[in-house]
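Each chain is listed here by its residues.
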Amino acid sequence: SPVFNFEYGGLVKLDRCGNVVWTLAHETHHSVERAEGGGFWVPGRQRAGHRAESAFPPFQAPYKEDLLLKVSEAGAIEQQISVPGVLYENGLAPLLTATGGDFERGKSDRKELLHLNKIAELSSRDAERFPGFKAGDLLLSIRNHNLLLVMDPGARKVRWWQVGPWIRQHDPEFVSDGTISVFNNNTYQTAFLEDQHADPA
């Protein structure tokens, strides 16, 4: 039976006839990945409103906080982990401000702290091929920071991380030969803008 999300609108499971089995009213997004022990890993999001006290200085509310959601086979959230929270707890908060962003008074700040676009779980079958990692560790793709990291979701410990050489990447995977594959978008937002300086035809 398929489980999918309406991007930022909620998670849905259908039966083989297309009937709704359950829905999860949560801001979920990107890929839904089956967990080895049952259930699913799904990126989620919550928002801090204008009057909220920021948990992630120097960022100020309002902001969007990406989450790791472990969802059961029955559609209930079993575990919720703040991705910026993990970075702060592991001494990696400087990664969030290493973007060239301007913090001058009166300047607008981006409201998306980071952009999680994939969660991949290391299987017990492949774990022995990844020294330093263990079965159940999660591989995260954080697109806007060109960042991949591997973490223990129980201890909330980052075991490994690297920025680039990929740019705005998607879909990292643990490969059975002991490597990590990643789709390198190799682009930035300026690639989608018209060339303002192009010579007229």
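Please read all numbers here as calculations on a predicted model, not as lab measurements.

Let us look at the overall build of the protein. Across its full length, the protein carries 2 helices and 14 strands. Scored against the burial criterion, the 201 residues of the protein give a buried share of 42%. Summarising the internal contacts of the protein: among those between residues at least 6 apart in sequence, 45% fall at separations of at least 24.

On to the side chain of Asp152, then. Within the secondary structure, Asp152 sits in strand E11 (residues 147–152). A polar atom in the side chain of Asp152 sits 3.3 Å from the side chain of Lys134. Here Gly154 takes part through its backbone nitrogen, which lies 2.8 Å from a polar atom of the side chain of Asp152. Apart from the residues within four sequence positions on either side, Asp152 is in contact with Lys134, Asp137, Lys157 and Arg159.

The next point concerns the environment of Glu65. Assignment of secondary structure puts Glu65 in strand E7 (residues 63–71). Judged by relative accessible area, which is 11%, Glu65 ranks as buried. Along the backbone, Glu65 and Leu114 are 49 residues apart, and their C-alpha atoms lie at a distance of 7.5 Å. Polar side-chain contacts of Glu65 include one of 2.5 Å to the side chain of Ser82.

Spatially, the 3 strands line up as an open sheet ordered E1-E2-E3, and their pairing is antiparallel. On the outer flanks of this sheet lie strand E1 (3–6) and strand E3 (20–24), each paired with one strand and no other. Taking each pair of neighbouring strands and ignoring which way they run, the sheet shows an average axis angle of 25 degrees. Here E1 runs beside strand E2 (residues 10–14); their pairing, made up of 4 bridges, is antiparallel. Residue pairing across strands places Phe4 opposite Val12, the latter belonging to E2.

The next point concerns the packing of aromatic side chains. For any pair of aromatic rings, the description rests on two quantities: the centre-to-centre distance and the angle between the ring planes. In total, this model carries 6 aromatic pairs according to the counting rule given. Ring centres 6.3 Å apart and planes at 15 degrees place the aromatic pair Phe130 and Phe133 in the stacked group. A residue is classified by how much of its surface remains accessible, and Phe130, at 4% relative accessible area, is buried. Considering the side-chain rings of Phe133 and Phe174, the 6.3 Å spacing of their centres and the 70 degrees angle between planes classify their relative orientation as edge-to-face. Here Phe174 lies in strand E13 (residues 170–174) and Phe133 lies in the loop between strand E9 (116–121) and strand E10 (138–142), a separation of 41 residues in the sequence.

Now for the side chain of Ser141. Along the chain, Ser141 turns up in strand E10. Polar side-chain contacts of Ser141 include one of 3.0 Å to the side chain of Gln169. Filtering out sequence-adjacent residues up to four positions away, Ser141 remains in contact with His115, Leu116, Asn117, Lys118, Leu147, Leu148, Gln169, His170 and Pro172.

The buried fraction of E9 amounts to 5 of the 6 residues, a majority that puts the element mostly inside the structure. Looking at chain direction, E9 and E10 are connected through 5 bridges and run antiparallel. Bridged to Leu116 within E10 is Ile142.

It is worth spelling out unusual backbone geometry at this point. Omega for the peptide link from Pro57 to Pro58 comes to 15 degrees, which places this bond in the cis form. Of note, Asn146 is a non-glycine position whose phi angle comes to about 50 degrees, a positive value. Classification of Asn146 by relative accessible area gives partly exposed; the value is 21%. At Arg168, a residue that is not glycine, the phi angle is positive and equals roughly 55 degrees. Mapped onto the elements, Arg168 comes out in the loop between strand E12 (157–163) and E13. For Arg168, a relative accessible area of 17% gives the class buried.

Burial within E7 is extensive, with 8 of its 9 residues counted as buried. Where strand E6 (residues 40–48) and E7 come together, 9 bridges link them in antiparallel fashion. Following the sheet pairing, Phe40 is matched in E7 by Val71. One ladder, built from 5 bridges, connects E7 with strand E8 (residues 77–82); its direction is antiparallel. Each bridged residue has a counterpart across the sheet, and for Leu69 the counterpart in E8 is Gln80. Here E7 folds back onto E8, and the loop between the two strands holds 5 residues, one of which, Gly75, carries a positive phi near 90 degrees.

Rules and cut-offs
Residues numbered from 1 in each chain as written. Predicted model: local features only at pLDDT ≥ 70, side-chain atom pairs only at ≥ 80, totals over all residues. Heavy atoms only, no water. Helix = DSSP H or I, 4+ residues; strand = E, 2+ residues; numbered from the N terminus. Buried < 20%, exposed > 50% of the residue type's maximum accessible area, 1.4 Å probe, protein only. Contact = heavy atoms within 4.5 Å. Polar contact = N/O pair within 3.5 Å; in protein donor to acceptor, adjacent residues only side chain to side chain. Pairing = 2+ DSSP bridges. Axes fitted to C-alpha atoms, helices over the stretch in contact; angles between N-to-C directions. Phe/Tyr/Trp six-rings, centres within 6.5 Å; stacked < 30°, edge-to-face > 60°.

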